[in-house]
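For reference, the chains in residue letters:
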Amino acid sequence: MDRLRIYIDHLDNLAIALLIFFISILLGLLLKFILFKLLGLYNRSSNPRLATSLTKHLNRPLTLFLPLLFLAMALPTVPLSDKSIYVLRRVLEIFTILGFAWIMIKLVSVGQDIVRHKYDIGKTDNFRERKLITQLQFIRRLSIIVIAFIAGSMVLLQFEAVRSLGTGLLTSAGIAGVVIGFAAQRSLANLLAGLQIAFTQPIRIDDVLVLENEFGRVEEITLTYVVVRIWDNRRLILPLNYFIEKPFQNWTRSSIDILATVYFYMDYNVPVDELRKELHRILAGSEQWNGEVIGLQVTDAQQDNVQLRALFSARNSGDAWDLRCLVREKMLYFIQKNYPEALPKVRTSVSGSIATK
């Protein structure tokens, strides 16, 4: 009879504990609902972008964190044994730490959304925006690593065995650091290169590069590598320290405008002034030319031809490429139609008499 009464009391305590847990979870979800409603009402008129970003990124983390917070506060009132309370407290502390770390990581993403919205990288003159976005991406990834490392350390410290090993771990930390340093030498070099790239910025997001005999744009900069989107939509993956150790061309390092050149090899009787006038006419009718630089010069004279260089400016590398193609096509058509004698020729002179029978 006593055992039955103990069993019934145990079931009653378990039912009360489950009821307390249910109410705590319900209160946490209710608080999250109220917070998001108030946030939406406050930011709907003044800053809807912030409300949208917070709702998008914090919905699931707060769904986990707030009920856990209420469960931790209600735990002392739960009618369970001390051992059960101790185990539940440790489990709740671990999940609360993980939930809080999740919130902090998502807040970093919220900050990134706000900065990206304020500094639009899609506009034409996006030099400042590319600089900020490049730094932002590196800081975001580094922040996530730091948050995850701190959260993981706090979770491990919840276990008595780990805390008791703390002194021994600190004693061997120097030796372990040396071993890890040698093992991860290239990874650490890439990480330091990423830090240097983020703040000295030899490259930025959306920079136009010529490297490894390829032409492309910087699409992504991670903590260990850079993704360059080649003109034909292939991706070139390079480690970060490549951009510290090897030379490459950056066509948008200080500004996005660029000078473009086209070379023509003509006969000596080419009418340079007429070609110069035609170049002005072609560029004046093109939307890609920014109206700043134009010129046609004889830059070399070989034995059988002269070299003409057409020089002109464009707003960006894409426009410069289109202008090069346009100038080649129009100028060649103009020369073929009006001055075909100016096209390159090979001259041969024959001297002496031809013997006849």
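Remember, it's a predicted structure, so these values are computed and weren't measured experimentally.

## Regarding the sheet that holds strand β4 (residues 235-239)
Strand order in the open sheet formed by five strands is β4-β3-β2-β1-β5, with antiparallel pairing between adjacent strands. Strand pairing shows two members of the sheet lacking a second neighbour, β4 and β5 (249-250), which therefore form its edges. Of the strand pairs in this sheet, strand β2 (residues 214-221) and strand β3 (residues 225-230) are connected by five bridges, and their pairing is antiparallel. Counted as the bridge partner of I221 is V226 from β3.

## Side note on the pairing of strand β7 (residues 289-301)
In this structure, β7 lies alongside strand β8 (residues 306-314), joined through eight bridges in antiparallel fashion. Residue A301 lies in a different strand from β8, and its bridge partner there is V306. Connecting the antiparallel pair β7 and β8 is a turn made up of four residues.

## Brief notes about the packing of aromatic side chains
One pass over the structure, following the stated rule, counts five aromatic pairs. Plain terms: the ring middles of F65 and F100 are 6.1 Å apart, the flat faces sit at 45 degrees to each other, and that makes the pair tilted. Placement of F65 in helix α2 (residues 48-74) and of F100 in helix α3 (residues 82-118) is noted, with a sequence separation of 35 residues between them. Its relative accessible area of 46% is what places F100 among the partly exposed residues. Grouping aromatic residues by their ring pairs yields a cluster made of Y242, F243 and F248.

## Considering helix α11 (residues 317-338)
With 22 residues, α11 should cover 32 Å at 1.5 Å per step; its first-to-last C-alpha distance of 31 Å lies within 8% of that length. Its side-chain oxygen at 3.1 Å from the backbone nitrogen of G318, N316 defines the N-terminal cap of α11.

## Here we look at the confidence of the model for the chain
In this model, the chain carries an average pLDDT of 79, and 80% of its residues clear a pLDDT of 70 or more. Within the chain, no element has a lower average pLDDT than helix α6 (residues 166-171), which sits at 47, and none a higher one than helix α10 (residues 272-284), at 93. Segment residues 166-173 is flagged for pLDDT under 50; beyond a separation of four residues in sequence, or across chains, it makes zero contacts in the model.

## Digging into the sheet that holds β7
Reading across the sheet, the three strands line up as β6-β8-β7 and stay open at both edges, with antiparallel pairing between neighbours. In this open sheet, the two strands that pair with only one neighbour each are β6 (258-266) and β7. The mean angle between the axes of side-by-side strands here comes to 20 degrees, regardless of whether they run parallel or antiparallel. In this structure, β6 lies alongside β8, joined through nine bridges in antiparallel fashion.

## Things to note about the nonpolar core
Judged by nonpolar contacts, the single largest core of 25 residues is most densely connected at F264, M266, V270, L275, L308, F312 and V327. Counting only elements with at least two residues in this core, the list comes to β6, α10, β7, β8 and α11. By residue number, the principal contributor to this core is α11, which donates six residues. When neighbours within four sequence positions are excluded, F264 is seen to be in contact with V306, Q307, L308, A310, V327, R328, M331 and L332.

## Some points on the UniProt feature "transmembrane region" (unreviewed entry) in the chain
In this numbering, the UniProt entry assigns the feature "transmembrane region" (unreviewed entry) to residues 14-41, 62-81, 87-108, 138-159 and 165-184. The span residues 14-41 shows a helical share of 100% and a strand share of 0%, and its end C-alpha atoms are spaced 41 Å apart. With 65% helix and 0% strand, residues 62-81 has its two end C-alpha atoms placed 30 Å apart.

## Some remarks on the packing of α10 against α11
Close contact between α10 and α11 brings their axes to 10 Å; oriented N to C, the two are set at 135 degrees. As summarised for this structure, α10 and α11 are arranged oblique, according to the angle between their axes. For the pair α10 and α11, the sense of crossing is right-handed. Residues E274, L275, E278, L279, I282 and L283 of α10 lie in contact with α11, whose contacting residues are L323, L326, V327, K330, M331, F334 and I335.

About the thresholds
- Residues numbered from 1 in each chain as written.
- Predicted model: local features only at pLDDT ≥ 70, side-chain atom pairs only at ≥ 80, totals over all residues.
- Heavy atoms only, no water.
- Pairing = 2+ DSSP bridges.
- Helix = DSSP H or I, 4+ residues; strand = E, 2+ residues; numbered from the N terminus.
- Phe/Tyr/Trp six-rings, centres within 6.5 Å; stacked < 30°, edge-to-face > 60°.
- Buried < 20%, exposed > 50% of the residue type's maximum accessible area, 1.4 Å probe, protein only.
- Expected span 1.5 Å × (residues − 1).
- Polar contact = N/O pair within 3.5 Å; in protein donor to acceptor, adjacent residues only side chain to side chain.
- pLDDT = per-residue confidence, 0-100.
- Contact = heavy atoms within 4.5 Å.
- Axes fitted to C-alpha atoms, helices over the stretch in contact; angles between N-to-C directions.
- Core = buried A, V, L, I, M, F, W, Y, C linked by side-chain atoms within 4.5 Å.
- UniProt positions renumbered as here; feature names shortened; annotations may be inferred.
- Parallel < 35°, antiparallel > 145°, perpendicular 65-115°, else oblique.
- Left-handed = near helix turned anticlockwise from the far one by under 90°.

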